Amino acid sequence: MWRTRWITWTFLLPAVCTLLAVGIYPLLFALSISFRQYELTKPNLGFGFTGLSNYAQVFSDATFWGSLGRTFAFLGTVLPFQVLLGLAIALL
C-alpha cells in the first residue's frame, strides 16, 4: 500500500512542481505586487506598501472602465464566432 502511494506521488511530483512554478507562483507574486508601489522603469526603488490605494486609483479611472468595456465587447463578438467556426471545421 505505501509503495503504491510513493510511486504515484513520484510520478505526480514533476507535474505538481510545474504547476506551482508556472501557474501559482506568478499569480501570488502579481497579487503581492498589486498592494505595493512598484514602477517597471525604476525597479530598484523598493516595494513601498500602499494597501488598497492602487485598486482605488484603477477603479476610479475612466480609461480603465472604457478598456474593460471594449474588452468585453470584443470577447462577446469574437468568442462565439471562433467557437462556431471551430465546431464547423471539426464537423467537416
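What you see is a predicted model; the values in this text were computed from it and never measured. (Residues numbered from 1 in each chain as written. Predicted model: local features only at pLDDT ≥ 70, side-chain atom pairs only at ≥ 80, totals over all residues. Heavy atoms only, no water.)

**As for the overall build of the protein chain**
What counts, and what does not: For helices the rule is a DSSP run of H or I covering at least 4 residues; for strands it is a run of E covering at least 2, with both sets numbered from the N terminus onward. Within these notes, the globule rule equals 2.2 Å times the number of residues to the 0.38 power, and the radius of gyration is based on C-alpha atoms. Throughout this description, buried means an accessible area under 20% of the type-specific maximum (1.4 Å probe, protein chains only), exposed means over 50%, and partly exposed covers the range between. With residues, only the protein chains shown are counted as cover, and all accessible areas are computed by Shrake-Rupley using a 1.4 Å probe.
Assigned secondary structure in the protein chain consists of three helices and two strands. Here the C-alpha atoms of the protein chain give a radius of gyration of 22 Å, more than 25% beyond the 12 Å that 2.2 N^0.38 yields for 92 residues. The dimensions of the protein chain, computed from C-alpha atoms along their principal axes, are 55 × 50 × 25 Å. Out of the 92 residues in the protein chain, the part that is buried amounts to 2%. Element-wise, carbon and sulfur atoms account for 75% of the exposed surface of the protein chain, whose accessible area totals about 8200 Å².

**Some thoughts on helix α3 (residues 62-91)**
Going by this rule: Here a helix's expected span is defined as the number of its residues, less one, multiplied by 1.5 Å. For this analysis, a polar contact is any N or O atom pair within 3.5 Å, provided that within protein one partner can donate a hydrogen and the other can accept it, and provided that sequence-adjacent residues contribute only side-chain to side-chain pairs.
With 30 residues, α3 should reach 44 Å at 1.5 Å per residue; the first-to-last C-alpha distance of 44 Å fits that figure. Residue Asp61 occupies the N-cap position of α3, its side-chain oxygen lying 3.4 Å from the main-chain nitrogen of Thr63.

**Observations concerning the environment of Leu85**
Here Leu85 lies in helix α3. Taking the C-alpha atoms as reference points, Leu85 and Leu13, separated by 72 residues in sequence, lie 38 Å from one another.

**A look at the environment of Ile24**
Structurally, the position occupied by Ile24 is in helix α1 (residues 2-34). You can call Ile24 partly exposed: its relative accessible area is 35%. Taking C-alpha positions, Ile24 is 38 Å from Leu92, a pair spaced 68 residues apart along the chain.

**Points about the confidence of the model for the protein chain**
Heads up, the rule is: pLDDT: the predictor's confidence for each residue, scored from 0 to 100.
Scored by pLDDT, the protein chain has a mean of 88; 93% of the residues are at 70 or more. Highest mean pLDDT in the protein chain belongs to α3 (96); lowest belongs to strand β2 (residues 48-49) (82).

**Remarks on a nonpolar patch on the surface**
Stated precisely, the cut-off is as follows: Exposure above 30% relative accessible area and the lack of any salt bridge qualify a residue for a patch; like charges then connect within 9 Å, and the nonpolar side chains Val, Leu, Ile, Met, Phe, Trp and Tyr within 5 Å. The salt bridge definition used is simple: a Lys or Arg side-chain nitrogen within 4 Å of an Asp or Glu carboxyl oxygen.
A surface patch of nonpolar side chains, amounting to about 750 Å² of accessible area, comprises Trp9, Leu12, Val16, Leu19, Leu20, Ile24, Leu28 and Leu31. Note on placement: Leu31 falls in helix α1.

**So, the packing of aromatic side chains**
The condition is simple: Only rings of Phe, Tyr and Trp enter the pairing, Trp through its six-membered ring, and a pair is recorded when the two centres are within 6.5 Å. The plane angle decides the type: under 30 degrees is stacked, over 60 is edge-to-face, the rest tilted.
Counted under the stated rule, the structure contains six aromatic pairs. Centre to centre, the rings of Phe59 and Phe64 are 5.8 Å apart; their planes meet at 65 degrees, and the pair counts as edge-to-face. Residue class for Phe59 comes out partly exposed when judged on its relative accessible area of 46%. Residue Phe64 is classed as partly exposed on the basis of its relative accessible area, which comes to 25%. Through successive ring pairs, a cluster of aromatic residues spans Phe35, Tyr55, Phe59, Phe64 and Trp65.

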